[in-house]
Amino acid sequence: MTGQIGTALHESVRQEIMRRVRAGEYAIGEALPSAAALAEEFAVSAITIKRALRDLQPAGILRSVPGLGTFVREQRRFIRDLDFSLTSFEDALRLGLKPSIDLVSLTREKIYDPAFDVLEPPDGLMLCVRKVISADGIPIMYDTSYLPRSLKDEVVDEFGKKFISDALRDHGTQFTKTKLLIDAAPASEQAQQTFAIANGYPTLRRLYRLSTTDKDFSVFGVTESPFDRLACVVELDATRKGSRQKK
C-alpha cells in the first residue's frame, strides 16, 4: 500500500477492516489489534489507521472504549411496532424479546428541550425518571420520562422493575391517547455512555405524551436509540376516512 496516496490508503484500510468484520475474522465484541500493530501490518502510518477506525464508528461497525481499545459492534437491529416505547413486558414478550430495565436516576426537573413544545408540557418541576431498556441483554433504548410530582411513593418504587405504563395501570391509571413526535438528533451525553457511541452519533428519538382520564395527569418522555440498534414499523388502516392508497 505504500505507493498509494493518503486518501487511497485510508479508504483501502477502511474497506479491508470492514471486510474482515463482515467475514467474521474480527468477531463481535472482539478487540481489534492496536493501531500500531495494524499500521505495521498494512505498512501505513498510525494516523491512517486511526482515521479508518474513526470513520467506521459512525457507521455502526466499530466502537471505541477509552483505555481499552476498539471493538466490533453488535450488528443486530430490533424491529418493533411504533409507539412511545416498549409499552409493557407483555408487548415485548409478544415481539419475541426478553426485556429488562435498569433504573438510572430519579430526580425533579423541568422539561427544557424545545422539541417538547408541540406536546404542550407544563412549566413546573416534574418527577424525572431515567432508565435503560434492554432486549435480550442488549441496550436498545435510553428513556427519560416526566411525571407529576404528586405520584405516590408506592408507584414510584415500582419503576425499577416495571415499565412506567405498567406500574401506572396496575394502580388504576387509564391511558386515553398517545401523541408522538419522531425526529433524528445527536445522542445525548447519557445515551453516548449507554450505547458506547461517539459524540454526534445519530439517534432515533421518539418524544411522547401519554394522556389519561385525569386531564391534569399526563406522562411526557423521550426515548433515544442508535439508528443501527432499533427500527420501528407502523401499520396504517387504508380504509379510514380521508386515507388514500397508492396505485
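Scroll up to find the structure.
Keep in mind that this is a model prediction, so the values were computed, not measured. (Residues numbered from 1 in each chain as written. Predicted model: local features only at pLDDT ≥ 70, side-chain atom pairs only at ≥ 80, totals over all residues. Heavy atoms only, no water.)

## Observations regarding the overall build of the protein chain
Part 1 of the argument: What the protein chain contains, in helices and strands, is seven helices and ten strands.
Part 2 of the argument: Counting across all 247 residues of the protein chain, residues that qualify as buried make up 44%.
Part 3 of the argument: Of the contacts made within the protein chain by residues no fewer than 6 positions apart, 60% connect residues no fewer than 24 positions apart.
Part 4 of the argument: As presented, the protein chain carries roughly 13,800 Å² of accessible surface, and 50% of it is formed by carbon and sulfur atoms. (Helix = DSSP H or I, 4+ residues; strand = E, 2+ residues; numbered from the N terminus. Buried < 20%, exposed > 50% of the residue type's maximum accessible area, 1.4 Å probe, protein only. Contact = heavy atoms within 4.5 Å. Areas by Shrake-Rupley, 256 points an atom, 1.4 Å probe, with all protein chains shown as cover.)

## Details of the side chain of Ser211
Part 1 of the argument: Position of Ser211 relative to the elements: it lies in strand β8 (residues 202-212).
Part 2 of the argument: For Ser211, a relative accessible area of 15% gives the class buried.

## Focus: the environment of Ile138
Part 1 of the argument: With respect to the element layout, Ile138 can be found in strand β6 (residues 138-147).
Part 2 of the argument: A sequence separation of 40 residues divides Ile138 from Lys98, and the C-alpha atoms of the two residues are 9.7 Å apart.

## Things to note about the nonpolar core
Part 1 of the argument: Counting residues in hydrophobic clusters, the biggest one holds 19 residues, and the most contacted among them are Val13, Ile17, Tyr26, Leu32, Ile49, Leu53 and Leu62.
Part 2 of the argument: For this core, the elements supplying multiple residues, two or more each, are α1 (6-22), α2 (35-42) and α3 (46-56).
Part 3 of the argument: Listed in part, the 14 residues of the second largest apolar core include Phe159, Ile164, Leu210 and Val219. (Core = buried A, V, L, I, M, F, W, Y, C linked by side-chain atoms within 4.5 Å.)

## Let's talk about unusual backbone geometry
Part 1 of the argument: Backbone geometry places Ala43, a non-glycine residue, at a positive phi of 60°.
Part 2 of the argument: Positive phi values are uncommon outside glycine, yet Glu120 reaches one of about 55°.
Part 3 of the argument: Topologically, Glu120 is positioned in the loop between β4 (99-109) and β5 (126-135).
Part 4 of the argument: Note on Glu120: relative accessible area 59%, which makes it exposed.

## Remarks on the environment of Leu151
Part 1 of the argument: Here Leu151 is to be found in the loop between β6 and α5 (153-156).
Part 2 of the argument: On the basis of relative accessible area, Leu151 is assigned to the buried category, the value being 13%.
Part 3 of the argument: Sequence separation between Leu151 and Met126 is 25 residues; the distance between their C-alpha atoms is 9.9 Å.
Part 4 of the argument: Look past the residues within four positions of Leu151 in its chain and what remains in contact with it is Leu127, Val156, Phe159, Leu168 and Phe217.

## Thoughts on the pattern of salt bridges
Part 1 of the argument: Counted by the stated rule, this structure contains 13 salt bridges.
Part 2 of the argument: Note that Arg205 and Asp183 form a salt bridge whose closest N and O atoms lie 2.7 Å from each other. Placement of the pair is Arg205 in strand β8 and Asp183 in strand β7 (residues 175-186), with a sequence separation of 22 residues.
Part 3 of the argument: Assessed through its relative accessible area of 12%, Arg205 is described here as buried. (Salt bridge = Lys/Arg side-chain N within 4 Å of Asp/Glu carboxyl O.)

## What to know about the packing of aromatic side chains
Part 1 of the argument: Counted by the stated rule, this structure contains one aromatic pair.
Part 2 of the argument: Relative to Tyr146, the ring of Phe116 lies with its centre 6.1 Å away and its plane at 85°, an arrangement referred to as edge-to-face. Remark: Tyr146 occurs in strand β6 and Phe116 occurs in the loop between β4 and β5; sequence separation between them is 30 residues. Taken as a pair, Phe116 and Tyr146 share a single burial class, namely buried. (Phe/Tyr/Trp six-rings, centres within 6.5 Å; stacked < 30°, edge-to-face > 60°.)

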